[in-house]
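Each chain, letter by letter, is given below.
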Amino acid sequence: MDYQWYPGHMTKAIRQMKEDIKLIDIVVELVDARVPNSSRNPDIDSLANNKARIIILNKSDLADSSKNAEWIEYFKEKGFYVVAIDSRKKSSIKEVSKIIDKACAKKKERDLKRGIKNRPIRAMVVGIPNVGKSTFINTYAGKASAKTGNKPGVTKGKQWIRLNKNVELLDTPGILWPKFEDKQVGFNLACIGSMNDNILDNSEIATGIVEFIIKNYPGLIGDRYDVDESDDIVDIIDNIAKNRNCIKKGEEIDYNKTYNLIIDEFRSGTIGKVTLDELKKDEENA
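The present account deals with the structure reproduced in this document.

Reading the values: the criteria
Residues numbered from 1 in each chain as written. Predicted model: local features only at pLDDT ≥ 70, side-chain atom pairs only at ≥ 80, totals over all residues. Heavy atoms only, no water. Helix = DSSP H or I, 4+ residues; strand = E, 2+ residues; numbered from the N terminus. Polar contact = N/O pair within 3.5 Å; in protein donor to acceptor, adjacent residues only side chain to side chain. Expected span 1.5 Å × (residues − 1). Buried < 20%, exposed > 50% of the residue type's maximum accessible area, 1.4 Å probe, protein only. Arc of directions from axis to C-beta. Phe/Tyr/Trp six-rings, centres within 6.5 Å; stacked < 30°, edge-to-face > 60°. Pairing = 2+ DSSP bridges. Core = buried A, V, L, I, M, F, W, Y, C linked by side-chain atoms within 4.5 Å. Contact = heavy atoms within 4.5 Å.

### Topic: the side chain of S38
Inference 1: Summarising the element assignment, S38 is placed in the loop between β1 (26–32) and α2 (43–47).
Inference 2: For S38, the side chain forms a polar contact with the side chain of N188, separated by 3.1 Å.

Put into C-alpha cells, the structure is as follows:
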C-alpha cells in the first residue's frame, strides 16, 4: 500500500511559512502522542532552524502514559521544550503558557536590554493534518478562533490570533511532506486520520491496528470485542463483525463496516490507550 497524499496547497503553505518564520519568536509543533515521531514533519526542523522550539504531545489521553513519558524525555534530550496535553481541557493550556514563557525567557531579557517592553511573543503553530491544532488554539484563546474538524486540511490559510497581551499565535495549515520513506510512518498516519480516508485501504489499516494491539497490548482487543486473540487474524476480524452485528442481509459479513468500526474505535481511544510509535535503541542513543 503506497501512502502518498500531497495536495498542491501544501506546497504553497510551505512557501508561505518560509516567509512568515522571519516574524516568529518560537515554533510550537503539535504532534499526536500516539505517533509522536511519525507525526513530525521533517521539513519543520530546517524551517524553524535557530528558533526556540516547543513540542506538544497532543491527544496524550489517547496514548500509553508510560510511552508518553519516554517520548517526552527523548525530545527533551534533543533540545526541545516538551509538554503532553489533551488540548480539549483548559487545564492543559496553563502548562503550555508556562513552557512558552520558559522557552522565551532569554528573548524577553534581550528585548528589555534593548528597551523593548511588552512586545507579545509571536508563536507559529505547526503540525501535520489532524493532530488537533485548531482545537488547541480554540481552547487556548477561549473562543472559536480557528475552524475545527476531524478531517485533514480544514485550516486552509494563515491567521494571527491574539491570545492575550503576552502571546500572539500564527496558525498554519496542516502540511505533510511529499514522500514517506518509511512505510510504517505512512501506516501510522493513516491510523490517526492525517490522510484522506478516501484514498486509503481501510482493510489494511484495520487489520494492521488489530495485529499491532494484540502483539503490544494483549487483552485489549479480546476484552473490547469478545474475541480470542490467539485465533488467526481472519477469524478475529470475522468474529468482531459477528459480535458487533456488522452483517448484511443474507448473513453476509459487512467487512467495510467492520473495518471502519475498528478504525473509528482506535481513533477515539475506545479500544484503549495505545501508542504506535516505538522508541528504538538507536533513537534513544541518538
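### Comments concerning helix α3 (residues 65–77)
Inference 1: Compared with the 18 Å implied by 1.5 Å per residue over 13 residues, the 19 Å span of α3 between its first and last C-alpha is a close match.
Inference 2: Of all the residues in α3, the buried ones are N68, W71, I72, Y74 and F75. Down the axis, α3 shows its buried residues gathered within 165° of arc, on one side only.
Inference 3: Where α3 terminates, the next one or two residues include G79, which has phi positive at roughly 100°.

### Structural notes on the packing of aromatic side chains
Inference 1: Under the criterion given, the structure shown has seven aromatic pairs.
Inference 2: Both rings, one in F75 and one in F80, keep their centres 6.2 Å apart while their planes meet at 85°; by these two values the pair is edge-to-face.
Inference 3: F80 gets classed as buried once you look at its relative accessible area, which sits at 12%.
Inference 4: Centre to centre, the rings of F136 and Y140 are 5.6 Å apart; their planes meet at 80°, and the pair counts as edge-to-face.

### Quick notes on the pairing of β1
Inference 1: Taken across its seven residues, β1 has seven buried, putting it largely inside the fold.
Inference 2: Of the two faces of β1, the one holding I26, V28, L30 and D32 and the one holding V27, E29 and V31 are both buried throughout.
Inference 3: The sheet contact formed by β1 and strand β2 (residues 52–58) spans seven bridges and is parallel. Paired with D32 across the bridge in β2 is N58.
Inference 4: Pairing between β1 and strand β4 (residues 121–126): four bridges, direction parallel. For V27, the partnering residue across the bridge sits in β4 and is M124.

### Focus on the nonpolar core
Inference 1: Counting 56 residues, the largest nonpolar core has I56, F136, I209, I213 and F266 as its most contacted members.
Inference 2: Setting aside residues up to four positions removed in sequence, I213 forms contacts with P218, L220, I221, F266, I271 and V274.
Inference 3: Core analysis: the next-biggest nonpolar cluster, separate from the first, contains twelve residues, I55, L57, A63 and Y74 among them.

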